[in-house]
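# Descriptive analysis of the structure
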Amino acid sequence: MNTLSSFTAGRPSTGKNPIPDDAGTDEWMGHLRRTVQEIEMREQNPELVDPARYVLYADPQLQRRRHADNPGLLQLLEIVESRGPAVDVVLIQPPGAS
């Protein structure tokens with residue numbers, strides 16, 4: 001598996017597996033939507049959310065190139081990058097990526 005294109009979402013302790021390289025746009029969108037929901041929950045009700053860091057393993061530049069023709073996916077990625085860090089939802093390069 002090419003680790004640059006691998007992607008997983010969740011807290012590191014949850015043991016999420018990377019999405020396969022051949023995953024479709026719908027699968028990527030689903031993970032990004034769940035991450036945006038996590039951001040919204042943390043913004044609206046921080047007392048109800050586990051305070052642990054939420055990590056999204058992804059190479060945003062690679063995803064932008066791969067999905068340049070999908071404005072919805074690009075918008076979700078932008079939301080995660082811009083609003084996530086304020087509530088401890090972060091993008092991190094996949095393990096082993098250069």
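### Section: the overall build of the chain
The secondary structure content of the chain amounts to three helices and three strands. Along the chain, helices (α) and strands (β) appear in the sequence β-α-β-α-α-β when read from the amino end. Classification of the 98 residues of the chain by burial places 42% in the buried group. Looking at the chain alone, contacts between residues at least 24 apart form 67% of all its contacts between residues at least 6 apart. Looking at the chain as shown, the accessible area adds up to about 5,600 Å², and 51% of this sits on carbon and sulfur atoms.

### Observations regarding the nonpolar core
Judged by nonpolar contacts, the single largest core of 15 residues is most densely connected at Leu-32 and Val-80. Of all the secondary structure elements, the ones that give two or more residues to this core are helix H1 (25–44), strand S2 (54–57) and helix H3 (71–83).

### Quick notes on unusual backbone geometry
Even without glycine at this site, Asp-88 takes up a positive phi of about 65°. Relative accessible area serves as the criterion here: at 27%, Asp-88 is assigned to the partly exposed category.

### Some remarks on the confidence of the model for the chain
Put simply, the chain has an average pLDDT of 78, and 73% of its residues get 70 or more. Per-element mean pLDDT across the chain ranges from 50 in strand S1 (residues 8–10) up to 95 in H3. Scored below 50 in pLDDT, residues 1–8 makes 41 contacts in the model with residues more than four places away or belonging to other chains.

### Description of the pattern of salt bridges
The tally for this structure, following the rule as stated, stands at five salt bridges. Where Arg-83 meets Glu-43, a salt bridge forms, and the shortest distance between an N and an O atom there is 2.6 Å. Highlighted residues: Arg-83 in helix H3 and Glu-43 in helix H1, separated in sequence by 40 residues. Residue Glu-43 is classed as partly exposed on the basis of its relative accessible area of 35%. The partner of Glu-81 in a salt bridge is Arg-64, with the nearest N and O atoms 2.1 Å apart.

### A few points about the packing of H1 against H3
Between two packed helices, both the angle of their axes relative to each other and the distance between the axes serve to describe the pair. Look at H1 against H3: their axes get within 9 Å of each other, and the N-to-C directions meet at 35°. Relative to H3, the crossing made by H1 is left-handed. Here Thr-25, Trp-28, Met-29, Leu-32, Arg-33, Thr-35, Val-36, Ile-39, Glu-40 and Glu-43 of H1 come into contact with H3, specifically with Gly-72, Leu-73, Leu-76, Leu-77, Ile-79, Val-80 and Arg-83. In the contact of H1 with H3, the residues fall into ten nonpolar, three polar and four charged.

What counts, and at which threshold
The written sequence of each chain sets the order in which its residues are numbered from 1. A pLDDT threshold of at least 70 governs which residues receive local features in this predicted model, and a stricter bar of 80 or more applies before side-chain atom pairs are shown or counted, although totals over entire chains, interfaces and linings include all residues. To obtain the side-chain values, all non-hydrogen atoms of the structure were included, while hydrogens and water were left out. The helix count covers DSSP runs of H or I at least four residues long, the strand count covers runs of E at least two residues long, and both are numbered beginning at the N terminus. The rule is simple: take the accessible area with a 1.4 Å probe, protein chains only, and divide by the maximum for that residue type; under 20% is buried, over 50% is exposed, in between is partly exposed. Any two residues whose heavy atoms approach within 4.5 Å at even a single point are treated as in contact. Each accessible area is a Shrake-Rupley result for a 1.4 Å probe, and residues are judged covered by the shown protein chains and nothing else. Only buried residues count toward a nonpolar core. Its members are Ala, Val, Leu, Ile, Met, Phe, Trp, Tyr and Cys residues joined through side-chain atoms within 4.5 Å. The quantity called pLDDT is the predictor's confidence in a given residue, expressed from 0 to 100. What makes a salt bridge here is a side-chain nitrogen of Lys or Arg within 4 Å of a carboxyl oxygen of Asp or Glu, nothing more. In this analysis, axes come from line fits to C-alpha atoms, helices being fitted only over the stretch in contact, and the angle between any two N-to-C directions falls in the range 0 to 180 degrees. Crossing handedness is read from the near helix: turned anticlockwise from the far helix by less than a right angle, it gives a left-handed crossing, and turned clockwise, a right-handed one. Asp, Glu, Lys and Arg are counted as charged, while Ala, Val, Leu, Ile, Met, Phe, Trp, Tyr, Cys and Pro are counted as nonpolar; the rest, among them Gly, fall into the polar class.

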